Amino acid sequence: MSLTAGIVGLPNVGKSTLFNAITNSRVEAANYPFATIEPNVGIVEVKDERLINLSKLFEPERTIFTTFEFTDIAGLVKGASNGEGLGNKFLANIREVDAICHVVRCFESDDIQHVYNRVDPVDDVEIINMELIMADLESVETRISKIEKKAQNTKDKDAVKELAILTKIKAALDKGECCRKAGLTDDEKEYVKAFNFLTLKPVIYIANLRDDEVNNPEDNKHYAALCEYAKKEGSEVVPISAQIEEELSDLSKEEKQEFLNDMGIERSGLDELILKAYKTLGLKTFFTVGKDECRGWTFKEGMTAPECAGIIHTDFQKGFIKAEVYTYDDIMEYKTEVKLKEAGKIHMEGKEYITKDGDIMFFRFNN
């Protein structure tokens, strides 16, 4: 399963520059609103250090990393939910992603115009959140009008349940709050998943800073204000210099590490963003290894061994018998599967086994 994230934000906050960096592509990043006319999709490999080490150990013919799909969505403006700017077309693009990466400008500059001629990250966030809220409210009201009579007159169980959930969501939206604040249970979220409510999607705020501020973001008052806002809604914030990320994208692995060391930065903003995205979406990684291929597979936390087998191929899940499992840490310590077996570190697991991050798995199944 591939993670899909939409990059949103007001015009001229650094979205396209960041997209250039993470895909090493060159979409237009002109210094004026609505430079991005069509959504740009880029797929990047997640360079998991564990998979790199496994490949060194097994020396396979090929190594396949998990992937992270980004969609660069054109800048939204106030009134987008009513068609202002490039409006509803881009709201529709956001509905298709798993998570929203909201780029927020946290730097002053006389050279790059702000669409509202000021730098206020919290206000920027609230402008876009309100547009998403208004779009969701329209969707909720339309759906309620279709099922309300059915729920009240026929007492259809599904209609009654759906109406109750939508009413709860509408109450939050009417107060100018996101669906995330509606207090939905996991079961209720799953029930309305098909509606793709914009403000029910998890958000990661990307604070775009100047390159001389990114290693000490706490000193930036705009970043501090954004963090305080995000904390209240339980969202993550990743400090990034889009300009640095674009420069890093042109460097070799060795040059990139040297650049980061010189900047006093432990990992790139992109690497940090991917870590936060996996955490936010409850995603983990298991591995399959061998002489032909070493590969990482993304799975949702809590998935069973058969469900993870199904990620590889649906037939694996249908005919699942057992999973042979050992851990990344153990293979790094013992170096070979033979020594793992001698140490009793390889175990057989059945249909109830909950897959763990870093598990290395071999599935046995009936054809």
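The structure presented is a predicted model; accordingly, all values stated were derived computationally and were not measured. (Residues numbered from 1 in each chain as written. Predicted model: local features only at pLDDT ≥ 70, side-chain atom pairs only at ≥ 80, totals over all residues. Heavy atoms only, no water.)

Some words on unusual backbone geometry
Short version of the rule: Numbering goes from the N terminus for both helices and strands, where a helix is a DSSP run of H or I of at least four residues and a strand is a run of E of at least two. For the exposure calls, accessible area comes from a 1.4 Å probe over protein chains only, and a residue counts as buried if that area is under 20% of its type's maximum, exposed if over 50%, partly exposed in between.
Non-glycine residue Glu59 carries a positive phi angle of around 50°. With respect to the helices and strands, the residue Glu59 is situated in the loop between α2 (49-58) and β3 (62-64). With phi around 75°, Lys335 is a residue other than glycine that occupies positive phi space. Examined against the element boundaries, Lys335 turns out to sit in the loop between α13 (328-334) and α14 (337-342). Residue Lys335 is classed as partly exposed on the basis of its relative accessible area of 45%.

A word on the environment of Asp292
To keep things clear, this is the line we draw: Here, two residues are considered to be in contact whenever any of their heavy atoms come within 4.5 Å of each other.
Secondary-structure assignment places Asp292 in the loop between β8 (283-288) and β9 (293-300). For Asp292, a relative accessible area of 44% translates into the label partly exposed. Note: C-alpha distance between Asp292 and Arg62 (230 residues apart in sequence) is 6.6 Å. For Asp292, the contacting residues outside a window of four places in its chain are Pro60, Glu61 and Arg62.

Comments concerning the pattern of salt bridges
Threshold: Throughout this description, the term salt bridge denotes a Lys or Arg side-chain nitrogen within 4 Å of a carboxyl oxygen of Asp or Glu.
All chains considered together, the criterion is met by 18 salt bridges. With its nearest N and O atoms 2.8 Å apart, the salt bridge here joins Glu272 to Arg267. With relative accessibility at 33%, the residue Arg267 sits in the partly exposed group. A salt bridge links Arg364 to Glu324; the nearest nitrogen and oxygen atoms lie 3.1 Å apart. On the criterion of sequence distance, the pair formed by Arg364 in strand β12 (residues 359-365) and Glu324 in strand β10 (residues 320-327) is long-range, its members being 40 residues apart. Residue Glu324 is classed as buried on the basis of its relative accessible area, which comes to 16%. A cluster of three or more residues bridged by salt bridges with shared partners is formed by Glu236, Glu266, Arg267, Glu272, Lys276 and Lys279.

Observations regarding the packing of helix α4 (residues 121-153) against helix α7 (residues 221-233)
Selection rule: Lines are fitted to the C-alpha atoms to define the axes, a helix being fitted only along its stretch in contact, and any angle between axes, read from their N-to-C directions, falls within 0 to 180 degrees. Oblique is the label for any angle not under 35 degrees, not over 145, and not in the 65 to 115 range, which are roughly parallel, roughly antiparallel and roughly perpendicular in turn. Lys, Arg, Asp and Glu make up the charged group, whereas Ala, Val, Leu, Ile, Met, Phe, Trp, Tyr, Cys and Pro make up the nonpolar group; the residues left over, Gly among them, are polar.
It is the contact of α4 with α7, at a shortest axis distance of 8 Å, that shows an interaxial angle of 40°. Relative to α7, the element α4 lies oblique. Side by side, α4 and α7 meet where Pro121, Val122, Val125, Glu126 and Asn129 of the first sit next to His222, Ala225, Leu226, Tyr229 and Glu233 of the second. Tallied by class, the residues present in the contact of α4 with α7 amount to six nonpolar, two polar and two charged.

Some details on the pairing of β9
To be explicit about the condition: We treat two strands as partners when DSSP finds at least two bridges between them.
Across the eight residues of β9, six count as buried, placing the element largely inside the fold. Across three bridges, the pairing between β3 and β9 is parallel. In the sheet register, Ile64 faces β9, and the bridge partner there is Arg295. Where β8 meets β9, six bridges bridge the pair, whose relative direction is antiparallel. Each residue of the ladder has a partner; that of Leu283, found in β9, is Lys300. Between β8 and β9, which pair antiparallel in sequence order, lie four residues.

Description of the packing of aromatic side chains
What counts is decided by this rule: Centre distance within 6.5 Å is the pairing criterion for rings of Phe, Tyr and Trp, where only the six-membered ring of Trp is used; planes under 30 degrees apart are then read as stacked, over 60 as edge-to-face, and the remainder as tilted. Note on geometry: a ring has a charge over it if NZ (lysine) or CZ (arginine) is within 6 Å of the ring centre and within 35 degrees of the ring normal.
Counting across every chain of the model gives eight aromatic pairs. Centre to centre, the rings of Phe286 and Trp297 are 6.3 Å apart; their planes meet at 15°, and the pair counts as stacked. One end of the pair, Phe286, is in strand β8; the other, Trp297, is in strand β9, with eleven residues separating them in the sequence. According to the relative accessible area criterion, Phe286 is buried, its value standing at 0%. Members of the aromatic cluster, each reached through a chain of ring pairs, are Phe286, Trp297, Phe299, Phe320 and Phe363. Over the ring of Phe107 we find Arg105, and its NZ or CZ is 4.6 Å from the ring centre.

Some points on the sheet that holds strand β2 (residues 40-45)
Judged by pairing direction, the sheet is mixed, and its six strands sit side by side in the order β2-β4-β1-β5-β6-β7 without closing on themselves. Edge positions in the open sheet fall to β2 and β7 (236-240), since each of these has one partner strand only. Neighbour-to-neighbour, the strand axes of this sheet turn through a mean angle of 25°, independent of strand direction. In this sheet, strand β6 (residues 203-208) lies alongside strand β5 (residues 99-105) in parallel orientation, the contact comprising six bridges. Residue pairing in the sheet places Arg105 in a bridge with Asn208 of β6. Against the sheet, α7 contacts β5, β6 and β7, and its axis sits at roughly 175° relative to β6. Across the sheet, helix α10 (residues 269-281) is in contact with β1 (3-8), β4 (67-72), β5, β6 and β7; its angle to β7 comes to roughly 170°.

Some remarks on α2
Since there are 3.6 residues in each turn of an α-helix, residues three or four apart along the chain are aligned in direction. Among the residues making up α2, those that are buried are Arg50, Leu51, Ile52, Leu54, Ser55 and Phe58. Glu59 lies just past α2 and shows a positive phi near 50°.

Things to note about helix α1 (residues 15-23)
Where burial is concerned, most of α1 is hidden: eight out of the nine residues are buried. Among the residues making up α1, those that are buried are Lys15, Ser16, Thr17, Leu18, Phe19, Asn20, Ala21 and Ile22.

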